[in-house]
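Chain by chain, the residues:
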Amino acid sequence: MPAAGRGIRLGPGAPKALRALSGTPMLVHAVRAMARSRAVSLVVVVAPPDGADEVRRLLDEHTGPAETSTDIVVVPGGETRQDSVRLGLAALPDDVDSVLVHDAARPLVPVETVDAVAAAVREGAPAVVPALPVSDTVKEVQVRGNGEAEPVTGTPERSRLRAVQTPQGFELKVLAAAHAQVVREGDGATDDAGMVERLGVEVVVVPGHDEAFKVTRPLDLVLAEAVLARRRATDGF
């Protein structure tokens, strides 16, 4: 679980994963979401490079019955998400053969989605991503900076597009090979499945979930609070 990002689009303050959601850091919500799945026996949290001790204390303070049956390890991350995932993979025990990579910024992913991704990997898919159909028409453009108008260069067929979420699931040997062979460029890869695709390995899609959205902007925090309020009212969660 890469959780080392600063989350600048949420504004100044703590790293994104440590922002509070209903009084509890998003990272804790995300760890709990993964720990609810019987398919998950270990969660490796990749903390900010200088914040591993703080993250460990935070998780210890919020550990409850749902998490005590799942081992939680915290390791320092790197400069980019790609570096952090690689460091997380290095912390896995030798007997692990499949892995889920989940963004801490998706704190409300339902356990059904986690289970579906894990099941697809166990059934033989080397790489699996949860995704939703795209509801908006998407345009390809010629990128220009400074707020300039950008010419449209194409309109992909919407029925063929999917908005990808996490957790993404992999055979460990496949993901490890991708991180060993795909050289980091600029800020690094932000999608592990994309790195695997570059190796020529097939990636398959399973249904995602509306509540697995990424908390990136202030409005996303408002939506996340609303989802938690609904869960408390209807599920006692």
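Residues numbered from 1 in each chain as written. Predicted model: local features only at pLDDT ≥ 70, side-chain atom pairs only at ≥ 80, totals over all residues. Heavy atoms only, no water.

**Re the packing of helix H1 (residues 26-35) against helix H2 (residues 52-62)**
At a minimum axis separation of 10 Å, H1 and H2 run at an interaxial angle of 60°. By the angle between their axes, H1 is oblique relative to H2. Helix-helix and strand crossings are classified by hand; for H1 and H2 the assignment is right-handed. From H1, Leu27, Val28, Val31 and Arg32 reach across to H2, where they touch Val55, Leu58, Leu59 and His62. For the contact of H1 with H2, the residue count by class is six nonpolar, one polar and one charged. (Axes fitted to C-alpha atoms, helices over the stretch in contact; angles between N-to-C directions. Helix = DSSP H or I, 4+ residues; strand = E, 2+ residues; numbered from the N terminus. Parallel < 35°, antiparallel > 145°, perpendicular 65-115°, else oblique. Left-handed = near helix turned anticlockwise from the far one by under 90°. Contact = heavy atoms within 4.5 Å. Nonpolar A, V, L, I, M, F, W, Y, C, P; charged D, E, K, R; others polar.)

**A closer look at the packing of helix H4 (residues 81-90) against helix H6 (residues 172-181)**
Running from amino to carboxyl end, H4 crosses H6 at an angle of 135°, the nearest separation of the two axes being 10 Å. In terms of axis orientation, H4 runs oblique to H6. The interaxial crossing formed by H4 with H6 has left-handed handedness. Within the contact between the two elements, H4 uses Gln82, Val85, Arg86 and Leu89 and H6 uses Leu172, Leu175, Ala176 and His179.

**Some thoughts on the nonpolar core**
Counting 24 residues, the largest nonpolar core has Met1, Leu27, Val31, Val45, Val55 and Leu59 as the members making the most contacts within it. Listed by contribution, the elements that provide at least two residues to this core are H1, strand E3 (42-47), H2 and strand E4 (71-76). With six residues, the single largest contributor to this core is H1. Look past the residues within four positions of Leu59 in its chain and what remains in contact with it is Leu27, Val28, Val31, Val45, Ile72 and Val74. With 19 residues, the next largest nonpolar core counts Val75, Val101, Met195 and Val196 among its residues. (Core = buried A, V, L, I, M, F, W, Y, C linked by side-chain atoms within 4.5 Å. Buried < 20%, exposed > 50% of the residue type's maximum accessible area, 1.4 Å probe, protein only.)

**A few points about unusual backbone geometry**
In the segment running from Thr166 into Pro167, the intervening peptide bond is cis, with an omega of 10°. Inspection of the secondary structure puts Pro167 in the loop between strand E9 (162-164) and strand E10 (168-171).

**Let's talk about the UniProt feature "site: Transition state stabilizer" (unreviewed entry) in the chain**
The positions UniProt marks with the feature "site: Transition state stabilizer" (unreviewed entry) are Arg9 and Lys16. Mapping Lys16 onto the fold places it in the segment before strand E1 (20-21). The exposure class assigned to Lys16 is buried, which follows from its relative accessible area of 12%. (UniProt positions renumbered as here; feature names shortened; annotations may be inferred.)

**Structural notes on the pairing of strand E6 (residues 127-133)**
Of all seven residues in E6, five are buried, a share of seventy percent or more. Pairing geometry for E6 and E10, over two bridges, is antiparallel. Each bridged residue has a counterpart across the sheet, and for Ala127 the counterpart in E10 is Phe170. Inspection of the sheet shows E6 paired to strand E11 (residues 204-207) by four bridges, in the parallel sense. Bridge pairing in E11 places Val128 opposite Val204. Note: E6 against E9, three bridges, orientation antiparallel. Within the sheet, the bridge partner assigned to Ala131 lies in E9 and is Val164. (Pairing = 2+ DSSP bridges.)

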